[in-house]
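Topology and contacts: notes
Okay, here's what each chain looks like letter by letter:
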Amino acid sequence: MNDDVRNIVLGVVATAISGGFGWFSRTYLWRRKLRRKQAFFGLPTGSDCMFVVNRQMGGTEGSVHRNDAFALLEISALIKDCSANLQIVSHDSVRQGFGERAEFCVGGPASNARTAAHLASMLPGVRVDVSGEPGPDRGAIRVGGETFRWDKGQVDHVLLARLTTGPGTRPVFLISGQTAISNQAGARYLARHHEALARKYGGDSFCVVLKVINSHAYGPDMAELLADVTRAARTPVEAAA
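In this numbering scheme, every chain counts its residues from 1 along its sequence in written order. Where local features are concerned, this predicted model is filtered to residues with pLDDT of at least 70; where side-chain atom pairs are given and counted, the filter is 80 or more; whole-chain, interface and lining totals use all residues. The side-chain quantities take in all heavy atoms of the structure and omit both hydrogens and water.

Overview of the sheet that holds strand 8 (residues 172-177)
Two pairing modes exist for strands in a sheet, parallel and antiparallel, and in both the strands are linked by backbone hydrogen bonds. Applicable threshold: Pairing between two strands is assigned when DSSP locates at least 2 bridges connecting them. Helix and strand assignments follow DSSP, with helices taken as H or I runs no shorter than four residues and strands as E runs no shorter than two, numbered in order from the N terminus. Lines fitted to the C-alpha atoms define the axes, with helices restricted to the stretch that makes contact. Angles between their N-to-C directions range from 0 to 180 degrees. Any two residues having at least one pair of non-hydrogen atoms within 4.5 Å are treated as being in contact.
Spatial strand order, 2-1-3-8-7-9-10: seven strands in an open sheet with mixed pairing. Looking at the sheet topology across the chains shown, the edges are occupied by strand 2 (85-90) and strand 10 (223-228). On average, adjacent strands in this sheet sit at an angle of 20° to one another, irrespective of strand direction. Bridging between strand 1 (residues 48-53) and strand 3 (residues 102-106) involves four bridges; their strand directions are parallel. Its bridge partner being in strand 3, Phe51 is matched across the sheet by Phe104. Contacts from helix 2 (residues 66-81) reach strand 1, strand 2, strand 3 and strand 8, with the element oriented near 155° to strand 2.

Laid out in structure tokens, this is it:
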């Protein structure tokens, strides 16, 4: 074998080794990212999860607002990435506890009975005005001495929480917005920022308030983190007082 042939062979071998190492590195990083995503959402490969849909305010029985349907699409993409199975159930037909499988619960307590139950049992420091009476406090979210009011079309708020009952249990993700578009904004924020949330909170429970700016013009895209209310939300109002 002369020098030219030997150099060509060595070049081919080096390229193959380099390509194989690059493929292995990319695969390893992709698998590690996927495992972290599955751990955060409680969605190992082949597992089951539940999406609890609310009813449309002022709509017919069983109707769902189109923005809540869009929120379902945002979440279903995450579930598909984790290779998990999705079951869609109505808020008034769920008769089971939590912790055995991951759950995504969308809608405020006025339109979702499951949300109302989760707030009462796991976030007792949160109060939501569900009276529907016209006024500045309509739909307001109160937690930790702060009141987050709704300004139609200008400022919407959504409570985004990851709730667990202990090690080894699957989480409940609660997206409780003041409007249907804020529900979609909460789902989109979770889809876009779940890696940052996982780095900050790990496998722990958390509860944050998001602010949706000028939804009439920007839809669900302009959502920002307004406050971390985890401690206050998990402290009963009577104890805090």
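Picking up after the structure, the text goes on.
Points about the state of the cysteines
Under the convention used in this document: Disulfides are defined in this document as cysteine sulfur pairs within 2.5 Å. A 1.4 Å probe rolled over the protein chains alone gives each residue an accessible area, and that area as a share of the maximum for its type sets the label: buried under 20%, exposed over 50%, partly exposed in between.
Scanning all chains against the criterion turns up zero disulfides. Cysteine Cys82 remains unbridged, with the sulfur of Cys49 as its closest cysteine sulfur at 8.8 Å. Under the relative-accessibility criterion, Cys82 is labelled buried at 0%.

A few points about the pairing of strand 8
Most of strand 8 is tucked away, with six of its six residues classed as buried. Relative to strand 8, strand 3 runs parallel, the two sharing four bridges. For Phe104, the partnering residue across the bridge sits in strand 8 and is Phe173. Pairing of strand 7 (residues 155-163) with strand 8, which is carried by six bridges, proceeds in the antiparallel orientation. Across the sheet, residue Leu163 finds its bridge partner in strand 8, namely Val172.

Observations concerning the sheet that holds strand 5 (residues 141-143)
Strands sit in the order 4-5-6 across an open sheet of three strands; the sheet is antiparallel. Among the strands making up the open sheet, the edge pair consists of strand 4 (126-128) and strand 6 (146-148). On average, adjacent strands in this sheet sit at an angle of 20° to one another, irrespective of strand direction. By the bridge criterion, three bridges tie strand 5 to strand 6 in an arrangement that is antiparallel.

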